[in-house]
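# A structural walkthrough
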Amino acid sequence: MKYLIILLSILGLSFLESTVLPLNLIILPVICLAVRQRTDEALIMAFLAGMILDLSTGRILGLDSFFFLSLTLLIHLYQRRFQADRLRFLLPFTFLAVIINSTLLGGALTPVKLVINTALIIPARLFLQPFFKEEKQEQLEFA
Amino acid sequence: MYKKRTLPLFLFLFLLSLLLILLDNFGFLKSVRAGSEQITVPIRSVFYQTGQKVSQTISFAIHLQGLNEKNKQLESDLGQFQSLRVKLKVLEKENQALRQQLEAPLPPSVKFLPAKTLGLDRFLIIDKGEDDGVKPGMTVVSENRLVGKVVAATARTSQILLPPDPEAKIPAKSLSTNARGLALGSFGTKVIFSKVLQAETLQKDDLIVTAGDGYLPDLLIGKIIKVEKREVEPFQQAEVEPSLNYQQLENVFIVK
């Protein structure tokens, strides 16, 4: 049930992103899920979020999934080292992720948009808080 | 348990994304896209129209105080416009007569396909696509003003490259001095009329129009708001304010 609600929220955000709010909105729940959910669940959600976004914006299918999966992997590799669910990690990480995402996908990014986009991680984190599990997070290990 | 299945899952999804990118790039997923657009296009249309209404309401509330002054100004402008309208009617008749005399009507091959806007991200997205005969490279206009050029089209939508986009390079000229150059997009917010020879004349408030070369000629791009001329450089340039507010566009026409 919680995944259905999260996916519906992502769907709504993707429509907003592709019509009236030219910000990178979907990246916010993807980052929140990556820092708080189990790795496998976060990866699946990142893939689905990317697919929804590609379908609603008309971008090449798989492009955003590719980026979101890379983002989720990166977060899980450094999760413990930086206490990834703290704002002091989330804010700069979101800032960098939005810059990279906009640069790769060619979006028009002004400094004001960048700051607003980064700050939106705070309400996104609050909104998704009830859905997070309290259990200890698993780390992705290649060893 | 999660550790063991995480890496294979990541690799599977990663490769699946790569496969989708390849398949979509070569056009194998057109039917999937067309199917999804059957659902998403009407929803996006509702989102966009609702967003515009909300934006207009907020804008109205913010500018309410200034509206009285603007109303007075508009009333005085209206009188001037009415006299201009009479002159325009006379000119229209003259123009029609001249056209008949010269037997030079507009080319019959030029047709306009009306389209509604669906959204504005980096590109303007419209509700007409390949099914309606839209192809990349087609010019999009609103009245006699340039909206942009189609850069990609799916079955039911198209993406329009706008003049302020960093990739936009439009052969252009100034209307009164006929100075030729390129209208280049800058930061997605403004247009620079560049590559203009120093010998040419650029004036503030002069209008910049298309010069042909892949676009219909004499489509309005914008108005010069600042001229930048340095004697040591081979070219001069000017900052151009686009003639359209792309966020408020609702109906556009594709030149077929």
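As a reminder, the structure under discussion sits directly above these lines.
Only a predicted model underlies this, so the values are computations on that prediction, with no experimental measurement involved.

## Re a nonpolar patch on the surface
On the surface, A:M1, A:L4, A:I5, A:L8 and A:L11 cluster together to form a nonpolar patch covering roughly 500 Å² of accessible area. Residue position: A:I5 is located in helix 1 (residues 2-19).

## Some thoughts on the interface of chain B and chain A
Interfaces are frequently sized by the accessible area removed from exposure as the parts join. At the junction of the two partners, chain B supplies 36 residues and chain A supplies 39 residues. Across the chain B to chain A interface the summed buried area is about 3,400 Å²; carbon plus sulfur atoms make up 70%. Inspection of the region where chain B meets chain A yields 1 salt bridge. Here A:R59 makes a salt bridge to B:D121, at a shortest N to O gap of 3.7 Å. Where chain B touches chain A, the interface holds 5 residue pairs in polar contact (both at pLDDT 80 or more). Within the residue set of the side of chain B that touches chain A, elements represented by two or more residues are helix 1 (2-25), helix 2 (30-62) and strand 1 (112-120) of chain B. In terms of residues, the side of chain B that touches chain A owes the most to one element, helix 1 of chain B, which gives 16 residues. Of the residues belonging to the side of chain B that touches chain A, the class tally is 18 nonpolar, 11 polar and 7 charged.

## A closer look at the pattern of salt bridges
This structure, assessed with the given rule, holds 13 salt bridges over all chains. The partner of A:D40 in a salt bridge is A:R38, with the nearest N and O atoms 3.7 Å apart. A:D40 sits in the buried class, given a relative accessible area of 4%. For B:D127, the salt bridge goes to B:K128, with nearest N and O atoms at 3.8 Å. Overlapping salt bridges bring together A:E17, A:R59, A:D64 and B:D121 as one network.

## Quick look at the packing of helix 6 (residues 111-119) of chain A against helix 7 (residues 121-128) of chain A
Residues and elements named next belong to chain A. Packing of helix 6 against helix 7 leaves a shortest axis separation of 4 Å and a crossing angle of 20°. Our classification of the angle between helix 6 and helix 7 gives roughly parallel. Here N117, T118 and A119 of helix 6 come into contact with helix 7, specifically with I121, I122 and P123. Classifying every residue of the contact of helix 6 with helix 7 by side-chain character gives 4 nonpolar, 2 polar and no charged.

## A closer look at the pairing of strand 12 (residues 251-255) of chain B
Residue and element names in this part refer to chain B. With 5 bridges joining them, strand 1 and strand 12 adopt antiparallel strand pairing. Directly across from P114, in strand 12, lies its bridge partner F253. Relative to strand 12, strand 3 (residues 139-142) runs antiparallel, the two being bridged by 2 bridges. When the sheet's bridge partners are listed, V141 is paired in strand 12 with F253.

What counts as what
Residues numbered from 1 in each chain as written. Chains lettered and ligands numbered in written order. Predicted model: local features only at pLDDT ≥ 70, side-chain atom pairs only at ≥ 80, totals over all residues. Heavy atoms only, no water. Patch = residues over 30% accessible without salt bridge, like charges linked within 9 Å, V, L, I, M, F, W, Y side chains within 5 Å. Areas by Shrake-Rupley, 256 points an atom, 1.4 Å probe, with all protein chains shown as cover. Salt bridge = Lys/Arg side-chain N within 4 Å of Asp/Glu carboxyl O. Helix = DSSP H or I, 4+ residues; strand = E, 2+ residues; numbered from the N terminus. Contact = heavy atoms within 4.5 Å. Buried area = accessible area lost by both parts, 1.4 Å probe. Polar contact = N/O pair within 3.5 Å; in protein donor to acceptor, adjacent residues only side chain to side chain. Nonpolar A, V, L, I, M, F, W, Y, C, P; charged D, E, K, R; others polar. Buried < 20%, exposed > 50% of the residue type's maximum accessible area, 1.4 Å probe, protein only. Axes fitted to C-alpha atoms, helices over the stretch in contact; angles between N-to-C directions. Parallel < 35°, antiparallel > 145°, perpendicular 65-115°, else oblique. Pairing = 2+ DSSP bridges.

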